[in-house]
Amino acid sequence: MRVLIAGGTGFIGRHLVSALFSNGYDVGVLSRQARPSGDVIDNNITWIELSNLCADLAYFKPDAIINCAVCYGNDISTLDVLHANAIFPLNLMRQAMDFGCRLFIQTDSFFGKPEYAYDHMLTYTRSKNEFIWWGKRLAAETSTKLVNLRLEHVFGPGDGATKFIPQILTKMVRGEDVELTAGQQLRDFIYVEDVVTAYLKVLENQKHSGAVYCEYEVGVGSPTSLKEFVEECKKQLSSNSALKFGALSYRSTEIMSSVAKNKNLLDIGWKPVDDFRSGISKLIKNLQVKKCHS
């Protein structure tokens, strides 16, 4: 099975490319460059250039596409966010159909759940929702299946340095004070390796599924407070940092609780391996190994 990953050089994309390759898939990575630098480079991976998309799709002929490319909208215009999160994947989906692609897996997040109105990321969530609305229509007109994976709070090695968890870990390693809200937000923290196995299970299941559209919420299915998570990080790092809970105010539209309703994902045979404590342990071990090698 030939699988094309858009955003294959990002946080989740890198882990996914490695897992797909290890599981015997023919892997293509869509990139703005011909051969980006980084640890996902492998001579057996097919690199699809954005500037030569149609010809490269005709050559690779993906059976499935997984879109991990994302734009959160930080310091980027609204139109650019809309293009990156809605127009680009719609164009990719439509063009790939011409070369036999019949499965498009979209990566989404808990921020965009219909019950939330999180103003802090409004352009991001609206643009993601626009893709789903139009993507459903496109799928209904063809024999292509559209699957939306709504990820909960993913963490693990390789995440962006400006993200919440990498930021607090960096401060803890340095022994710096960490200013936080009261930390009562409940999150469904899920380790990146469990997210990757969810993608693999969905790929496998869609060979037998007849649904034109479906959505899976990807999380362990149990809540952990942000305070408990941060305290566990400090404990496992043996950090001297002071955790200043309450130093920051909640945002006006703060999401106070998000937990995956993951029954349909469990029903197709997926099962998470790590809870948040074992995931933190794996992440810290990875950080320590990288520090020793640097």
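For the structure itself, consult the block above.
As a starting point, this report considers the structure included with it.

Procedures and definitions
- Residues numbered from 1 in each chain as written.
- Predicted model: local features only at pLDDT ≥ 70, side-chain atom pairs only at ≥ 80, totals over all residues.
- Heavy atoms only, no water.
- Helix = DSSP H or I, 4+ residues; strand = E, 2+ residues; numbered from the N terminus.
- Rg over C-alpha atoms; globule rule 2.2 N^0.38 Å.
- Buried < 20%, exposed > 50% of the residue type's maximum accessible area, 1.4 Å probe, protein only.
- Pairing = 2+ DSSP bridges.
- Axes fitted to C-alpha atoms, helices over the stretch in contact; angles between N-to-C directions.
- Contact = heavy atoms within 4.5 Å.
- Parallel < 35°, antiparallel > 145°, perpendicular 65-115°, else oblique.
- Left-handed = near helix turned anticlockwise from the far one by under 90°.
- Nonpolar A, V, L, I, M, F, W, Y, C, P; charged D, E, K, R; others polar.
- Core = buried A, V, L, I, M, F, W, Y, C linked by side-chain atoms within 4.5 Å.
- Patch = residues over 30% accessible without salt bridge, like charges linked within 9 Å, V, L, I, M, F, W, Y side chains within 5 Å.
- Areas by Shrake-Rupley, 256 points an atom, 1.4 Å probe, with all protein chains shown as cover.
- Salt bridge = Lys/Arg side-chain N within 4 Å of Asp/Glu carboxyl O.
- Phe/Tyr/Trp six-rings, centres within 6.5 Å; stacked < 30°, edge-to-face > 60°.
- Lys NZ or Arg CZ within 6 Å of the ring centre and 35° of its normal.

Section: the overall build of the protein chain
Now for step 1: Along the backbone of the protein chain there are nine helices and 13 strands.
Now for step 2: Here the C-alpha radius of gyration of the protein chain, 19 Å, is about what a compact globule of 294 residues would show, namely 19 Å.
Now for step 3: Its C-alpha atoms put the protein chain at 55 × 45 × 40 Å along the principal axes.
Now for step 4: Across the 294 residues of the protein chain, 47% fall into the buried class.

Here we look at the sheet that holds strand 2 (residues 26-31)
Now for step 1: Read from one edge to the other, the open sheet built from seven strands follows the order 3-2-1-4-5-6-11, with strand pairing classed as parallel. Pairing within the sheet leaves two strands with one partner each, and these edge strands are strand 3 (46-49) and strand 11 (213-218). Strand-to-strand twist in this sheet, taken as the mean axis angle between neighbours without regard to direction, amounts to 20 degrees.
Now for step 2: Summarising the sheet, strand 4 (residues 64-67) and strand 5 (residues 103-109) pair through four bridges and their orientation is parallel. Paired with Ile66 across the two strands is Ile105, which belongs to strand 5.
Now for step 3: Its contacts with the sheet place helix 3 (residues 78-97) against strand 1 (2-6), strand 2, strand 4, strand 5 and strand 6 (145-151), and it is angled at close to 165 degrees to strand 5.

Here we look at the packing of helix 2 (residues 53-60) against helix 3
Now for step 1: Where helix 2 meets helix 3, the axes come as close as 10 Å, and the angle between the chain directions of the two elements is 45 degrees. As summarised for this structure, helix 2 and helix 3 are arranged oblique, according to the angle between their axes. Crossing geometry of helix 2 relative to helix 3 is assigned as right-handed. Contacts between helix 2 and helix 3 involve Leu53, Cys54 and Leu57 on the former and, on the latter, Leu92, Gln95 and Ala96.
Now for step 2: Of the residues contributing to the contact of helix 2 with helix 3, the split by class is five nonpolar, one polar and no charged.

Considering the environment of Ile165
Now for step 1: Mapping Ile165 onto the fold places it in helix 5 (residues 164-174).
Now for step 2: Look at Ile165 and you get buried, because its relative accessible area is 4%.
Now for step 3: As a C-alpha pair, Ile165 and Phe229 span 64 residues in sequence and 9.6 Å in three-dimensional space.
Now for step 4: The contact partners of Ile165, leaving out residues within four places of it in the chain, are His153, Phe155, Phe189, Phe229 and Leu283.

With respect to the nonpolar core
Now for step 1: Within the largest apolar cluster, 36 residues are counted, with the highest numbers of intra-cluster contacts made by Ile5, Leu20, Ile66, Ile105, Leu149, Tyr199 and Leu203.
Now for step 2: Contributions of two or more residues to this core are made by strand 1, helix 1 (11-22), strand 2, strand 4, strand 5, strand 6, helix 6 (192-205) and strand 11.
Now for step 3: Among the elements that line this core, the one with the most residues is helix 6, at eight residues.
Now for step 4: Apart from residues no more than four positions distant in its own chain, Leu20 is found in contact with Val3, Ile5, Tyr25, Val27, Ile66, Leu200 and Leu203.
Now for step 5: Ile48, Phe60, Phe88 and Phe131 belong to the second largest nonpolar core, which has 22 residues in total.

Structural notes on a nonpolar patch on the surface
Now for step 1: Among the surface-exposed residues, Leu79, Leu82 and Ile87 lie close enough to one another that they form a single nonpolar patch of about 270 Å² accessible area.
Now for step 2: Along the chain, Ile87 turns up in helix 3.
Now for step 3: Given a relative accessible area of 38%, Ile87 falls into the partly exposed group.

Points about the packing of aromatic side chains
Now for step 1: One pass over the structure, following the stated rule, counts 10 aromatic pairs.
Now for step 2: Seen from their ring centres, Tyr72 and Tyr124 are 5.0 Å apart, and the 35 degrees between their planes marks the pair as tilted. Remark: Tyr124 occurs in helix 4 (residues 122-140) and Tyr72 occurs in the loop between strand 4 and helix 3; sequence separation between them is 52 residues.
Now for step 3: Overall, Tyr72 belongs to the partly exposed group, its relative accessible area being 33%.
Now for step 4: Geometrically, the ring pair formed by Phe229 and Phe276 is tilted, given 6.1 Å between the ring centres and 35 degrees between the ring planes. Placement of the pair is Phe229 in helix 7 (residues 226-237) and Phe276 in helix 9 (residues 276-293), with a sequence separation of 47 residues. Take Phe229 and Phe276: they sit in the same class, and that class is buried.
Now for step 5: Ring pairs connect the aromatic residues Phe155, Phe189, Tyr191, Phe229 and Phe276, which therefore count as one cluster.
Now for step 6: Note that Lys136 overlies the ring of Tyr213, its terminal NZ or CZ placed 4.5 Å from the centroid.

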